[in-house]
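# Topology and contacts: notes
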Amino acid sequence: MPSIRSLLVPALATLALPTPAARAGDAFQVVPLTQLGRSGEPALAEPQSRSAEPRRWARVQSARRWALVQPRVVLDTAGEAYLIYPEEALEGLGPLPARRMREPLANAWSQARLAVRAPEGQPVRGRLLVPDSNGGEPQVVTFQLPAASGGEQARATFLAAKAQHALRLATADLPGAAWFRRERSVALEELGGAPSHRDSQEDVAAAGAEQLDSTFDLFTGGRALAENLQLDRALAPQPEPGEGVPIDEIPGIDTRPLDWTARTAGLAPEPDPLAALVPEDQHAAFFPTLADLIRFLDEAERNGTPVIDLLEPRSEDARTRERYERQLCLPLARLAREAGESIGEVAITGSDPYLRAGSDVAVLLRTADPAPLLAFLAAEQQRAVRERHARATSDIDGGAPIATAISADRTVSSYVQQVGDAVLVANSLEALRRIAAVRAGSQAALAASSEYTFFRNRYPRGGAGESAFVILTDATIRRWCGPRWRIGDSRRTRAAAWLAEAQAAWVDALARGEELDLAELERRMPGLGRLSLGPGGVRSDEWGTLEFLTPIAELDLRSASQSEWSAYARFRDRYQQSWRQFFDPIAARVSLSGERVELDLSVLPLTLGTEYRDLMQTVGGARLDARAGDPHAESLLHVALALDTSSRSLRDIGSLLQGGGLSDPMSWVGGSFAIYADADPIWARLAEEASGSDPEAVLERHVWQLPLAMHVAVRDPLRLAAFLTGVRAMAGQAAPDLVTWENLTHADVGYVAIRAGEELGDEVAGAALHYVALPDALVLSLREDVLKRAIDRHLARKRGEPAAEGPWSGHGAGLSAKRGGLELLARMDGGELGAQVQEIAWANLPALNEWRRLFPEHDPLEQHERLWGTRLTCPGGGSYVWNERWHTYESTLYGHPAEPKPGPGVERVLRDVDSVQLGVTFEDEGLRARGVVLR
């Protein structure tokens, strides 16, 4: 589901809820920073210009980091205090414009003021904590002020400063954003002003990290999934009063389905028995055994979570697996121990993919003897009745009994029914009804769909050590992109935003020791309907809770507003333009065996605008063979690409070279191209040198020492010889004194060294490019020893010695990376990804500090989980502890903004990885991506 933080309507972010006015006995004062230092203490220095920041910070700069590194005021006496800058005052109560967020504070620092609220008649003692994002020493200035005596103007300045501080945090994409929005609303309410909102979020990802992500997405097929599903697009407008448009009358996706007739002719794969019970228009995952399901989930938690932690903008654990096991009364580990022997195949299905927000889920467990399984489930439902205040009932639906256990907040929502030779466990009555419709024949079954036949034939049941088979049909994706689902998701997203605001009001009431006025909330938030309070906070009868929103399948969606209709039409038109003719499905097989993890993914077809398009055209009909690109054991990183010699890419290169005087310059090129980096001690030295500086500059200084090579397949050696002769002649005429050409031999094989001439200066002294023209390949390298090893491998193949075969997982393109190569990529990013992860770790600190302030008797991490339903986690696997000196929580791995620690980056993800093999194959206008991870 699209993250709520990226979809909030500005009006929601500025909701002002009724709060008490300033407390009786409060006093206010405003003090220039220049007056803070005690006698004899050094003056407070201005922060350094941000233009002087190291490159690694400059490229990871964001509104969030700006908010996190702001100076903080900590009072050692009762009260609260905030800084306010003159420029912010001139801007009203909105945040600094994004264009000025990176400018130095120096222009405003000398005029900055400290605004304080303290009990009347009491002096104020505190500290001003000033981080230095340039890596310099932070500043701590202690101060003592007399009892506050300011009037209404001081009070207004304090409230404006507090509102600005809260807005900075509310718009910085931090956990607890709803609470910070409420804090701002409270300040504005007391100030008597009207809220205004200006969202200035910026992209957090660094350019280097984006390139790394793009590379791996390209080979794993992750980008293709995102392009096809486009689940991050939500409809913006709110429902309007007045007569609506019947949703069933709004045209949906009308792109034609693919004609599967020829593709499935004669195919008769062995079907999954449970596929006959799954609706055709639902996602489905099939597991050979219960043990396979548990192993699949364990693997996702073990290795999926660190990757997500490093790439997601927040580090929160929604406890999705735990939540659904508890809700369904289906603890998998206990089930495996007590009734696992009676269970065969398992299938999981549902009508939408929004598991983190709230989705209808159905689990089908095939069994020859249902009695032990039903007894186990009945006992778990009774446990929920005793321990979690659920209500147990029994009913008849479709002629079969249903046992249920339901709690008011749906933390327990378990329906159990026997269907043929399977037991169905679902969290929604709607899920049961859809499966009943399949059994009755009024709803098409997945097993009968053509795409299921096609993909089950591609991925035979039980083959290749299959642990899971996942499929999204045309009907599933079409429904997800239809008006009912998109508009329903849009409304539910807005409802979640309102629920977050209501939850913040409940948090405020808890902190004050007061009761929450639900009637007033209902009046201000009519779209939420009837509200109630439970252990986890506010619940809406219609929309559920923040922890589990009402599934879209259960929403009563009959009509849409005009703005919703228009927004959906725009979405539909943009979406459909991505396909030339057809609109089709996705399937994948996962195999888990010991220390080997395999993924085989098919996306058919790719969108017209896919970033794979250029690659598809370059590959064309060419295919990598097992020995393409000279695979060998010494390579740390190896990328190979099949080349269609008639592709536009090669024609364009040839046209450029022809303009330089070469005739038919690319006619010698064969069917593959590869680049590789060999193992060498220099990588460790360069990584150490680049740890505190610009890695690109380090590579430029040492580029001629890098053990890199390029391998281009040759289809016509004579044309290659003519090409090289032409290049040498052209270079000799154009710049006769800049380089020298030296003919050398190794093991009786001739090669050439092109060395830099003296006219090029000392910077490139000793630099050389080496190449060897072999009958089947042209090999170029900056290092002579790397080229000689390539010659040795060629001679070994010529002698008939066994040659290494590539681990190419695809016929179009392949990537092979050993652990050393992956660590090399991680170390040579100049700390940019590490800085991003560090920022993600820091993003949890403001919320933890707030919960410590508001609920000092409770653990802030546990309190956040209770209040917001997610567990704040350190992305590097560390923990959060209190730092008394800086009066803030900090990460044990990444520190806090005033005392940062580098912490682990990608190395944590790679610690158990021995090698990775990724590859793509283009077929049927689609993509098949294979990946193998060895640990």
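Residues numbered from 1 in each chain as written. Predicted model: local features only at pLDDT ≥ 70, side-chain atom pairs only at ≥ 80, totals over all residues. Heavy atoms only, no water.

This part is about the sheet that holds strand S5 (residues 124-130). Spatial ordering of the open sheet is given by S2-S5-S6, a layout of 3 strands whose pairing is antiparallel. Each edge of the open sheet is held by one strand with a lone partner, namely strand S2 (72-75) and strand S6 (139-145). Adjacent strand axes in the sheet meet at a mean angle of 25°, parallel and antiparallel pairs treated alike. Direction of pairing for S2 relative to S5: antiparallel, over a ladder of 4 bridges. Following the sheet pairing, Arg72 is matched in S5 by Leu129. (Pairing = 2+ DSSP bridges. Helix = DSSP H or I, 4+ residues; strand = E, 2+ residues; numbered from the N terminus. Axes fitted to C-alpha atoms, helices over the stretch in contact; angles between N-to-C directions.)

Time to look at the nonpolar core. For soluble globular proteins, nonpolar side chains are generally found buried alongside one another. In terms of nonpolar packing, the biggest core is built from 70 residues, with Trp179, Val507, Leu516, Leu521, Leu528, Trp851 and Trp868 touching the most fellow members. Broken down by element, the residue count for this core peaks at 13 residues, all from helix H18 (residues 483-512). Residues in contact with Leu516, not counting those within four places in the same chain, are Ala502, Ala505, Trp506, Ala509, Leu521, Leu533 and Val538. Counting 31 residues, the second-largest nonpolar core is a separate cluster that includes Ala622, Ala640, Val669 and Val714. (Core = buried A, V, L, I, M, F, W, Y, C linked by side-chain atoms within 4.5 Å. Buried < 20%, exposed > 50% of the residue type's maximum accessible area, 1.4 Å probe, protein only. Contact = heavy atoms within 4.5 Å.)

Right, let's talk about the packing of aromatic side chains for a bit. Each aromatic ring pair is described using two quantities: the centre-to-centre distance and the angle formed by the ring planes. Within the structure shown, the criterion is met by 16 aromatic pairs. Relative to Phe455, the ring of Trp260 has its centre 6.3 Å away and its plane inclined at 65°; by these criteria the two rings are edge-to-face. Pair noted here: Trp260 is in the loop between strand S7 (245-246) and helix H10 (261-264) and Phe455 is in helix H16 (residues 450-458), with a separation of 195 residues, a long-range link. Given the relative accessible area of 5%, Trp260 is considered buried. When the centroid spacing of 6.4 Å and the interplanar angle of 70° are considered together, the rings of Tyr452 and Phe469 count as edge-to-face. (Phe/Tyr/Trp six-rings, centres within 6.5 Å; stacked < 30°, edge-to-face > 60°.)

All right, on to the environment of Glu850 then. Tracing the backbone shows Glu850 in helix H29 (residues 845-854). Remark: the alpha-carbon pair of Glu850 and Gly176, spanning 674 residues in sequence, is separated by 9.1 Å. When near neighbours in sequence (up to four residues on either side) are disregarded, Glu850 contacts Trp179, Phe180 and Glu183. For Glu850, the side chain forms a polar contact with the side chain of Arg853, separated by 2.9 Å. (Polar contact = N/O pair within 3.5 Å; in protein donor to acceptor, adjacent residues only side chain to side chain.)

A word on the packing of H18 against helix H20 (residues 562-576). Two measures define how a pair of helices packs: the angle their axes make with one another and the distance between the axes. Orientation of H18 relative to H20, taken along the N-to-C sense of each, is 120°, at an axis distance of 10 Å. As judged from the angle between their axes, H18 and H20 are oblique. In this structure, the crossing between H18 and H20 has a hand that is right-handed. Contacts between H18 and H20 involve Pro483, Arg486, Ile487, Arg491 and Arg494 from the first element and Glu564, Tyr568 and Phe571 from the second. Of the residues belonging to the contact of H18 with H20, the class tally is 4 nonpolar, no polar and 4 charged. (Parallel < 35°, antiparallel > 145°, perpendicular 65-115°, else oblique. Left-handed = near helix turned anticlockwise from the far one by under 90°. Nonpolar A, V, L, I, M, F, W, Y, C, P; charged D, E, K, R; others polar.)

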